[in-house]
Amino acid sequence: MTFQIFMGHPEMEALWKELLDKSRRNKLSSDEREFLDKWSKALGYLSQNPKHPGLQTHEIDDLSRKFGMKVWQSYLENNTPGAGRIFWAYGPDRRQITILAVERHPESGKRKAYERVHLSRFPKPAASSENPRDKRRLP
Amino acid sequence: MVTTIEKEYTVHLDTKNRFTLRGAKTRFYRVKVLKGGHVVLSPQKLVPGSKISKDTLCQIAESIRNFKRGRVSGPIDVAAARELLRG
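These numbers come from a predicted model, not from an experiment. (Residues numbered from 1 in each chain as written. Chains lettered and ligands numbered in written order. Predicted model: local features only at pLDDT ≥ 70, side-chain atom pairs only at ≥ 80, totals over all residues. Heavy atoms only, no water.)

## Focus: the overall build of chain B
The cut-off we apply is this: For the purposes of this entry, the term helix denotes a DSSP run of H or I that reaches at least four residues, the term strand denotes a run of E that reaches at least two, and both are numbered from the N terminus. Buried residues are those whose accessible area, probed at 1.4 Å on protein chains only, stays under 20% of the maximum for their type, while exposed residues exceed 50% and partly exposed ones sit between those limits. Residue contacts are counted whenever heavy atoms from the two residues lie within 4.5 Å of one another. Working definition of accessibility: Shrake-Rupley area with a 1.4 Å probe, residue cover restricted to the visible protein chains.
Secondary structure assignment for chain B yields two helices and three strands. Going from the N terminus to the C terminus, chain B shows its helices and strands as β-β-β-α-α. Counting all 87 residues of chain B, 21% fall into the buried class. For chain B, long-range pairs separated by at least 24 residues make up 0% of all intrachain contacts whose partners lie at least 6 apart in sequence. Surface exposure of chain B reaches about 7200 Å², of which carbon and sulfur atoms provide 54%.

Following this line, the structure appears as structure tokens:
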């Protein structure tokens, strides 16, 4: 069973076309060539079998809940830390897949995003707390 | 928000306008000061940072908006791209 692939964002479509155009003119940088190779390979697998083992496809529950439709994630590379990934959804019609986003380099690996925690809906520290007088202890 | 009162007590502010919450269950609170003088404290908790960057999330949201309106690109010719890269 094959799937047709669509881009959900005009910028992504423009990037795809630009890279292909550069490839035709032999103007791709090595980074661009590497990225286009991985991206097109992943899209190839996706069009043949979205659950291809090389893609490590899995649903992102938080996104599915947030957007009210199933959002899937697949990796551009296999067994590579910090691999790029694509987010996609089935549709608009049967046997069609729409690419929602592509991420070349997730920031998680470098900046330990998986370990970071932040305050949920908590305001930024008020400027007054930086006032050295606030730190002064009472005698 | 439906809730029941578990505790009720009177506090007074110290010289630095502080008071102590008795038996506080969380470390962080969102404070809302209402016009009538009421102060509402909503418990907050630490949550793991998002694993997806802000830019990517924006892109996903935008794509889904387009998707739901039926505005997606034309079909992508993946085979031709693979062929181009091989050649």
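There is more to say, and it comes next.
## Topic: the confidence of the model for chain B
For clarity, the threshold we go by: You can read pLDDT as the predictor saying how much it trusts each residue, on a scale of 0 to 100.
Of the residues in chain B, 93% reach a pLDDT of 70 or more, and the chain-wide mean stands at 86. Both confidence scores are given for the complex: pTM 0.64, ipTM 0.71.

## Points about unusual backbone geometry
All names here are of chain A. The peptide bond linking Gly 91 to Pro 92 adopts the cis configuration, its omega dihedral lying at 5°. Assignment of secondary structure puts Pro 92 in the loop between β4 (85–90) and β5 (96–103). Although it is not a glycine, Gln 56 adopts a positive phi angle of roughly 50°. Tracing the backbone shows Gln 56 in the loop between α2 (30–48) and β2 (58–59). Classification of Gln 56 by relative accessible area gives partly exposed; the value is 35%. The phi angle at Arg 95 is positive, at roughly 60°, despite the residue not being glycine. Residue position: Arg 95 is located in the loop between β4 and β5.

## A short note on the side chain of Ser 73 of chain B
One can find Ser 73 of chain B in the loop between α1 (54–68) and α2 (78–86). We classify Ser 73 of chain B as buried; its relative accessible area is 9%. When residues no more than four places from it in sequence are discounted, the contact partners of Ser 73 of chain B are Phe 6, Met 7 and Glu 13 of chain A.

## Quick notes on α1 of chain B
Our working definition: Any helix carries an expected span of 1.5 Å times its number of residues minus one.
Taking 1.5 Å per residue, 15 residues should reach 21 Å; α1 of chain B reaches 21 Å between its end C-alpha atoms and fits that length. All buried positions along α1 of chain B are accounted for by Thr 56, Gln 59, Ile 60, Ala 61, Ser 63, Ile 64, Asn 66 and Phe 67 of chain B. Where α1 of chain B is buried, its residues contact α1 (10–24), α3 (61–67), β4 and β5 of chain A. Gly 70 of chain B sits one or two positions beyond α1 of chain B and adopts a positive phi of about 80°.

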